[in-house]
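One-letter residues, chain by chain:
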Amino acid sequence: GQCPTLSDMAGRGTRSRDWWPCQLKLDVLRQYSVEQNPLGGTFDYAEAFSKLDYFGLKADIKALLTQSQPWWPADFGTYGGLFIRMAWHSAGTYRAVDGRGGGGMGQQRFAPLNSWPDNANLDKARRLLWPIKMKYGKSISWADLLLLTGNVALESFGFPTLGFGAGRPDTWQSDESVFWGAETTFVPEGNDIRYNGSTDYVARATHLEEPLAATHMGLIYVNPQGPNGNGDPKSSALDIREAFGRMGMNDSEIVALIAGGHAFGKTHGATNAVLGPPPEGGALELQDLGWANSVGTGNGDDAVTSGLEVIWSKTPTKWSNDYLNSLFHNNWTLTHSPAGALQFIAPDSTLDYPDPFNGAPRHATMLVSDLALREDPIFSAIAEDWVNDFDKLTNAFAAAWFKLLHRDMGPISRYLGPEVPKQQFSFQDPLPTVSYTQINDADVKKLKAEILAAPGVTISNLVSVAWGSASTFRGGDKRGGANGARIALQPQVGWAVNNPKQLQIVLNALNTVKTSFNNAHRAKEVSLADLIVIGGCAAIEKAAAASGYTIEVPFTAGRVDALQVDTDISTFENLNPQGDGFRNYRNSSGWSLARTEEILVDKAQQLTLTAPEMTVLVGGMRALNTNYDGSSKGILTEKPGQLTNDYFVNLLDISTKWSPDSTGELFTGTDRTTGATKWTATRADLVFGSHAELRAIAEVYAEAGGQDQLVTDFVAAWVKVMNLDRFDVKN
Ligand code: HEM
């Protein structure tokens with residue numbers, strides 16, 4: 001139906017952003033509020049999951065695979081292929097660069113993902129699963145169910161998976177924080193703006209805009225017909241390498257995933273049907289189903305999904321290496337599917353690639369992107385090795401599939417269920433298991449005093465280092481955080497944002513305290529990771545005391561120290577921030593074209609902060625003088641190092657007139673009457689006075705009662721950040 005643009009109902013009409021398109025968006029800081037969660041704020045998914053009849057659920061999924069429904073008949077008598085694709089597309093949106101996307105939140109249910117062209121007909125897969133979701137209710141989330149179903153499908157085909165970790169609570173709205181690209185059209189109309197307009201498919205492949213992983217809007221990864229449908233496997237390989245690389249998959253993982261996944265099922269392009277709108281654009285009566293197909297039955301052997309018509313293997317419902325056999329032992333000719341899409345056929349191949357419904361066998365077929373595994377020298381060396389070594393392929397696919405599904409789960413302590421593998425994987429950023437006794441409250445008190453007395457430490461550098469340690473956390477993939485003390489390891493120890501020289505002074509002091517404590521106790525130990533956080537607590541307590549507040553910053557012991565060998569330097573580099581407005585840091589040579597204040601909000605979103613939490617943390621940290629470089633930018637106080645509300649009072653003071661420098665990044669505040677310079681500040685400071693909503697929050701901390709509220713709120717927000725990765729105590 002037509003969108004009633006003239007509707008005068010709630011939420012319609014032009015909005016502020018239509019008038020002022022550059023307005024800083026704070027919406028990403030108010031997602032997933034308790035109020036819009038139908039399960040309520042106290043719902044504990046881990047507890048609900050503990051009541052799940054896990055193996056009963058798996059048996060039901062297995063039975064469902066072969067219960068073909070007339071409204072969407074199963075190919076080859078099983079929904080296995082469709083469900084594996086559903087799981088892969090759910091997990092496959094993950095990007096290692098910013099940790100966003102992925103299957104961890106059940107986002108495939110919501111727009112835009114539910115309506116991406118690449119996700120065509122996965123609405124049917126989810127609808128097929130609905131009776132099972134209904135039966136098990138809250139004890140299994142959609143997020144877990146979509147992935148577990150793919151796992152069960154693989155097992156039903158005789159594939160030995162490594163197991164499954166559940167533990168992904170559902171969300172109830174589209175995740176608005178993910179930058180999916182700036183295009184306004186989907187593939188195939190999608191243009192090449194994420195390649196800066198270049199259509200040189202070789203040169204551009206490694207210049208895909210960060211943090212994106214897919215080559216075009218609406219694709220999970222790459223165009224199956226080659227870049228922009230050019231039919232060329234060689235340049236397709238370059239796109240595949242780049243796109244899969246963006247989710248942390250290397251060459252052999254890429255080959256394993258494609259050769260493993262395309263061992264099953266088929267593609268759908270039997271006719272040149274013009275499909276109806278995707279679910280999000282569908283009429284009410286379609287009930288969230290999309291891609292209506294009016295040719296023939298519109299399903300079964302008339303189904304059209306991608307418009308490609310390929311059956312990769314002679315055994316599409318049984319784990320075998322027939323995909324690779326076919327790829328390497330057939331001669332391929334470029335052709336068109338019945339729907340007109342470019343694909344390959346092996347005209348002289350045997351006629352025993354089974355039809356899904358009528359049993360009439362076909363010749364071998366492949367996608368252009370499949371031929372990439374044969375035409376690219378690096379991919380083909382790996383793949384050819386596996387043609388004759390099925391066990392190697394099996395092991396490689398099992399590991400890569402497990403990684404695909406669990407890549408954004410964070411630490412192993414988040415995994416639930418009876419099938420969690422004992423083995424730890426490097427992508428889980430492993431932490432050692434320790435057997436020593438943890439420190440108690442009395443120890444913490446003593447340690448605080450020792451830290452504050454240590455040479456070289458100050459309130460500012462202790463707070464800055466504790467922040468640097470904890471604030472690497474990313475809510476998207478649960479990587480980073482203070483546990484592990486990875487700030488003392490490569491690559492974090494050398495990051496500019498951490499001011500390596502200052503960091504070393506603090507680490508040396510804390511390591512001395514650690515050694516002396518651990519030497520003095522037999523079975524009890526303190527970790528560097530805990531000491532970094534304790535240092536922050538001690539510094540904040542001292543800063544609060546200096547402004548007249550006796551407080552104790554809550555602390556939970558139990559962090560451990562990671563090893564360098566368990567710290568994957570290249571993927572950890574993705575956590576190196578483009579900017580950290582909390583410490584007034586901006587990497588001017590980075591990939592991001594964003595404004596400094598947008599980077600601040602982006603980081604706050606990664607830290608799962610609300611707008612008030614972001615505001616009070618910036619104001620409090622400025623008061624504590626924690627700029628990464630020790631500069632005075634935004635330190636709007638005469639008493640740096642005391643926990644005051646001076647930052648807000650001075651920022652909102654009309655007697656200061658602010659003027660930008662030529663870069664627009666640095667501002668000087670002068671006395672309106674005398675013209676004397678009073679302060680300097682950055683965009684990450686002035687935004688709290690210029691953005692109407694942030695200003696409204698800043699006023700709360702500047703007005704009467706604001707000082708008390710700042711101390712309380714700052715400590716609460718600080719403790720939240722320090723504990724963001726403490727799944728070990730939350731579970
Ligand atoms: C189906 C493309 C990687 C699993 C398909 C289809 C396309 C496609 C176009 C047909 C959809 C349809 O018309 O029904 C690609 C491309 C990939 C890729 C371009 C990367 C270069 C993967 C991976 C997996 C996978 C990594 C799993 C590990 C599947 C399965 C099907 C499928 C199981 C069959 C679905 C069914 O039987 O209904 N793929 N794919 N694919 N894909 Fe992929």
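Rules of the game
- Within any chain, residue numbers begin from 1 and follow the written order of that chain's sequence.
- Per-residue local features are limited, in this predicted model, to residues with pLDDT of at least 70; the limit for side-chain atom pairs, both in listing and counting, is 80 or more; totals at the level of whole chains, interfaces and linings are taken over all residues.
- The side-chain numbers reported here are obtained from all heavy atoms of the structure, hydrogens and water having been left aside.
- Secondary structure counts use DSSP, requiring at least four H or I residues in a row for a helix and at least two E residues in a row for a strand, with both numbered from the N terminus.
- Three labels apply to residues, based on accessible area from a 1.4 Å probe with only protein chains included: buried if under 20% of the type maximum, exposed if over 50%, partly exposed otherwise in between.
- Two N or O atoms count as a polar contact when they lie within 3.5 Å, although within protein this holds only if one can serve as hydrogen donor and the other as acceptor, and sequence-adjacent residues are included solely when both atoms are side-chain atoms.
- Grid points spaced at 1 Å over the protein atoms alone were grouped into cavities, where a 1.4 Å probe fits but cannot get out, and pockets, open sets with protein on both sides within 12 Å along at least five of seven lines, with lining residues defined by an atom within 4 Å of a point.
- Grid points are joined across faces, edges and corners, and a volume is the space filled by probe spheres set on the points.
- Only Asp, Glu, Lys and Arg are considered charged, only Ala, Val, Leu, Ile, Met, Phe, Trp, Tyr, Cys and Pro nonpolar, and every remaining residue, Gly among them, polar.
- In this description, a donor is an N, O or S atom within 2.8 Å of the metal centre, a cutoff extended to 3.2 Å for sodium, potassium and calcium. Water is not part of the atom list, which can make sites seem incomplete.
- Near is defined per residue: the residue qualifies when any heavy atom it owns lies within 4 Å of the molecule or strand.
- Segmentation into domains, and thus their bounds, comes from an automatic or database assignment.
- Note on contacts: a residue pair qualifies if any of its non-hydrogen atoms lie within 4.5 Å across the two residues.
- Defined in terms of a 1.4 Å probe, buried area is the accessible area two parts forfeit on being brought together, summed over both.
- For two strands to be treated as a pair, DSSP must find at least two bridges joining them.
- Inter-axis angles, ranging from 0 to 180 degrees, are taken between N-to-C directions of lines fitted to C-alpha atoms, where helices are fitted over the stretch in contact.
- To sort the angles, those under 35 degrees are grouped as roughly parallel, those over 145 as roughly antiparallel, those from 65 to 115 as roughly perpendicular, and the leftovers as oblique.

## Side note on the side chain of Glu183
For step 1, the next point in the chain: Relative to the helices and strands, Glu183 resides in the loop between helix H6 (142-156) and helix H7 (233-245).
For step 2, the next point in the chain: You can call Glu183 buried: its relative accessible area is 9%.
For step 3, the next point in the chain: There is a polar contact of 2.7 Å between the side chain of Glu183 and the side chain of Arg194.

## Examining empty space enclosed by the protein
For step 1, the next point in the chain: Applying the stated criterion across every chain yields a total of 6 cavities of 30 Å³ or more.
For step 2, the next point in the chain: There is about 190 Å³ of room inside the largest cavity.
For step 3, the next point in the chain: Around the largest cavity, the lining is made up of 23 residues, and of these Asp75, Thr78, Gly81, Leu82 and His268 lie nearest the centre.
For step 4, the next point in the chain: By residue class, the composition of the lining of the largest cavity is 11 nonpolar, 9 polar and 3 charged.
For step 5, the next point in the chain: Reported here for the second largest cavity is a volume of approximately 130 Å³.
For step 6, the next point in the chain: Forming the boundary of the second largest cavity are 17 residues, of which Gly101, Gly102, Met105, Gln107 and Asp175 lie nearest the centre.

## Concerning the coordination of the iron atom of the ligand
For step 1, the next point in the chain: Just one protein atom coordinates the iron atom of the ligand, and that atom is His262 (NE2), at 2.1 Å.
For step 2, the next point in the chain: Following the sequence through the fold, His262 ends up in the loop between helix H8 (251-261) and helix H9 (322-329).

## Side note on the site of the ligand
For step 1, the next point in the chain: Inspection of the region around the ligand gives 26 residues, with Trp88, His262, Lys266, His268 and Ser306 positioned closest.
For step 2, the next point in the chain: A distance of 3.0 Å is found between an oxygen atom of the ligand and a backbone nitrogen or oxygen belonging to Lys266.
For step 3, the next point in the chain: Within the side chain of Ser306, a nitrogen or oxygen atom sits 2.6 Å from an oxygen atom of the ligand.
For step 4, the next point in the chain: Of all the secondary structure elements, the ones that give two or more residues to the shell around the ligand are helix H4 (80-91), H7, H8 and helix H12 (390-406).

## Focus: the domain arrangement of the protein
For step 1, the next point in the chain: Segmentation of the protein into domains returns domain 1 (193-257 + 264-270 + 294-395), domain 2 (441-574) and domain 3 (579-730).
For step 2, the next point in the chain: Taken residue by residue, the interface counts 38 residues in domain 2 and 35 residues in domain 3.
For step 3, the next point in the chain: Summed over both sides, the interface of domain 2 with domain 3 buries roughly 3000 Å², with 64% coming from carbon and sulfur.
For step 4, the next point in the chain: The largest share of the area that domain 2 buries against domain 3 comes from Trp467, Phe473 and Val497, three residues that together contribute 25% of it.

## Regarding the sheet that holds strand E2 (residues 342-346)
Within a sheet, each strand pairs with its neighbour through backbone hydrogen bonds, oriented either parallel or antiparallel.
For step 1, the next point in the chain: As summarised here, the arrangement of the 3 strands in space is E1-E2-E3, forming an open sheet in which the pairing is antiparallel. Single-partner strands in this sheet number two, and they are strand E1 (333-336) and strand E3 (364-366). Neighbour-to-neighbour, the strand axes of this sheet turn through a mean angle of 40°, independent of strand direction.
For step 2, the next point in the chain: Of the strand pairs in this sheet, E2 and E3 are connected by 3 bridges, and their pairing is antiparallel.

## As for the packing of helix H10 (residues 368-375) against helix H11 (residues 377-387)
For step 1, the next point in the chain: At a minimum axis distance of 5 Å, the contact between H10 and H11 shows a crossing angle of 80°. It follows from the interaxial angle that H10 and H11 lie roughly perpendicular. Across the interface between the two elements, Ala372, Leu373, Arg374 and Glu375 of H10 pack against Pro377, Phe379, Ser380 and Ala383 of H11.
For step 2, the next point in the chain: Here the residues of the contact of H10 with H11 are counted per class, giving 5 nonpolar, 1 polar and 2 charged.

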